[in-house]
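Take a look at the letters that make up each chain.
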There are 2 protein chains.
Amino acid sequence: MAFFPASLEKLIDRFASLPGIGRKSAQRLAFHVLALPDDEANAFADTIREAKQSVHCCRICQNLTEGEICSICASDRRDKSVICVVSEPRDVLSIERGREYNGSYHVLHGVLSPMNHVGPDDIRIKELLHRVAEEPVEEVIMATNPDTEGEATAMYLSRLLKPFEIKVTRLAYGIPVGSNLEFADDATLNRAIEGRTEM
Amino acid sequence: MAFFPASLEKLIDRFASLPGIGRKSAQRLAFHVLALPDDEANAFADTIREAKQSVHCCRICQNLTEGEICSICASDRRDKSVICVVSEPRDVLSIERGREYNGSYHVLHGVLSPMNHVGPDDIRIKELLHRVAEEPVEEVIMATNPDTEGEATAMYLSRLLKPFEIKVTRLAYGIPVGSNLEFADDATLNRAIEGRTEM
């Protein structure tokens, strides 16, 4: 039986350890990298090292940044009295894409998940409470995902924030703009009816 | 607008440059790598460098190996009088998986593709001709893919090999074992009828 050379097998293993990459895809990626010119393959390796070295969390909002604080926290055009709590850095990008929200963020880096042994100390909750205690925060918007864990995390946080007597809100549920009632699931439709607004 | 830090963007770009990885997947992969412990992320980078440094082509069959010649070419239990010509290293693995074939291989590292400017000098044809001329080869099996480019490459090679007066064969076409006639396409069914064998 012929297998791949050991260092190629190792590279395939690395790629296969990434989320959403199966064995076959990992092989294809490894072959692609091996077929790259030397300098490009090495640049790939360097990019991993560099990103890992220079990217860390913003001291204030915990979003990823290369400086001490991120561009949003550093900007004086953003409203620091509103904090939008999201679970992952990519969620910041999603909300920024809308170009509507002008407050600040707080990235939890996860959600509470007893099944996966993620408890309150494993995500950036302490840092959020610290901000609310120290800064003149008026509103915290819970923008975790509308799934079980995201909901539970939002509920847990809203209870923790109660003593601070600030406004704690949750993203609205409802039918997506431009979609079709026919394709909306029951839970979403029910939420859309509950949350109906006057015209 | 908040974007990702520059070195994270660079890492996302790298992943997005891999085959079959879109922008969203690249983001997910980059975030995953950033979330790895330092030593694991660096090990990933090292694995790329090492694989790129130590893996090269077997001097004889052009398959990927870490030594001067690969384990199949080095084995005295393999029949060197038969050469199975494949387009990619992964095809060797596919055939080896069948545990039936006991000859040697020749990896072309591509197929002829005028559309993509891949000509006879861009794939390992010279090396194959050299082997056939120098070694006591009795049969060359064309095992390129049964698509247009694979066919054309097989045809081209078989013409080049004609002067050597050896047997040149092609993998059989037909219905896949365990499949259903209902799902076989017309071309495959026609080939299966043409290539019918006596029972």
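Calculation notes
Residues numbered from 1 in each chain as written. Chains lettered and ligands numbered in written order. Predicted model: local features only at pLDDT ≥ 70, side-chain atom pairs only at ≥ 80, totals over all residues. Heavy atoms only, no water. Phe/Tyr/Trp six-rings, centres within 6.5 Å; stacked < 30°, edge-to-face > 60°. Helix = DSSP H or I, 4+ residues; strand = E, 2+ residues; numbered from the N terminus. Buried < 20%, exposed > 50% of the residue type's maximum accessible area, 1.4 Å probe, protein only. Least-squares fit on C-alpha atoms with pLDDT ≥ 70 in both. Contact = heavy atoms within 4.5 Å. Domains from an automatic or database assignment. Buried area = accessible area lost by both parts, 1.4 Å probe. Salt bridge = Lys/Arg side-chain N within 4 Å of Asp/Glu carboxyl O. Polar contact = N/O pair within 3.5 Å; in protein donor to acceptor, adjacent residues only side chain to side chain. Nonpolar A, V, L, I, M, F, W, Y, C, P; charged D, E, K, R; others polar.

Caption draft 1: Structural view of the packing of aromatic side chains. Residue and element names in this part refer to chain A. With the rule as written, the count across this model stands at 6 aromatic pairs over all chains. Pairing Phe4 with Phe31 gives two aromatic rings, centres 5.3 Å apart and planes at 80°, and the pair type is edge-to-face. A residue pair is termed long-range when its members are at least 10 positions apart, and Phe4 in the segment before α1 (6-16) and Phe31 in helix α2 (residues 23-35) qualify at 27 residues. The class of Phe4 is buried, set by a relative accessible area of 11%.

Caption draft 2: Spatial organisation of the relation of the copies chain A and chain B. Expressed as a screw transformation, the operator carrying chain A onto chain B has a rotation angle of 180° and an axial translation of 0.0 Å, and the superposed copies differ by an RMSD of 0.1 Å. The superposition of one copy onto the other is thereby described by a two-fold rotation axis. When C-alpha positions in chain A are compared against the rotation axis, the closest is assigned to A:Ala45, at 2.1 Å. Comparing interface residues between copies, 100% of those in chain A also lie at the interface in chain B; the contact surface is shared.

Caption draft 3: Region of the structure containing the domain arrangement of chain A. In terms of domains, chain A is made up of domain 1 (6-54) and domain 2 (77-194). If you average the C-alpha positions of domain 1 of chain A and of domain 2 of chain A, the two centres end up 34 Å apart.

Caption draft 4: Local environment of helix α5 (residues 89-97) of chain A. Listed as buried for α5(A) are A:Pro89, A:Asp91, A:Val92, A:Leu93 and A:Glu96. Turning to α5(A), the residues buried within the fold contact β2 (64-65), α4 (71-74), β3 (79-86) and β4 (103-107) of chain A together with α2 (23-35) of chain B. Phi turns positive one or two residues past the end of α5(A), at A:Arg99, with a value near 55°.

Caption draft 5: Highlighting the interface of chain A and chain B. Each partner contributes residues to the interface: chain A has 55 residues there, and chain B has 55 residues. In total, chain A and chain B occlude about 5100 Å² of area from one another, counting both sides; carbon and sulfur atoms represent 67% of this. At the junction of chain A and chain B, the tally comes to 6 salt bridges. The shortest N-O distance in the salt bridge between B:Lys52 and A:Asp38 comes to 3.9 Å. Inspection of the chain A/chain B interface yields 17 residue pairs in polar contact (both at pLDDT 80 or more). Of all elements in the fold, only α1, α2, α3 (38-54), β2, α4 and α5 of chain A reach the threshold of two or more residues within the side of chain A that touches chain B. In terms of residue count, α3(A) provides more of the side of chain A that touches chain B than any other element does, 15 residues in total. Across the side of chain A that touches chain B, the residue classes break down as 30 nonpolar, 10 polar and 15 charged.

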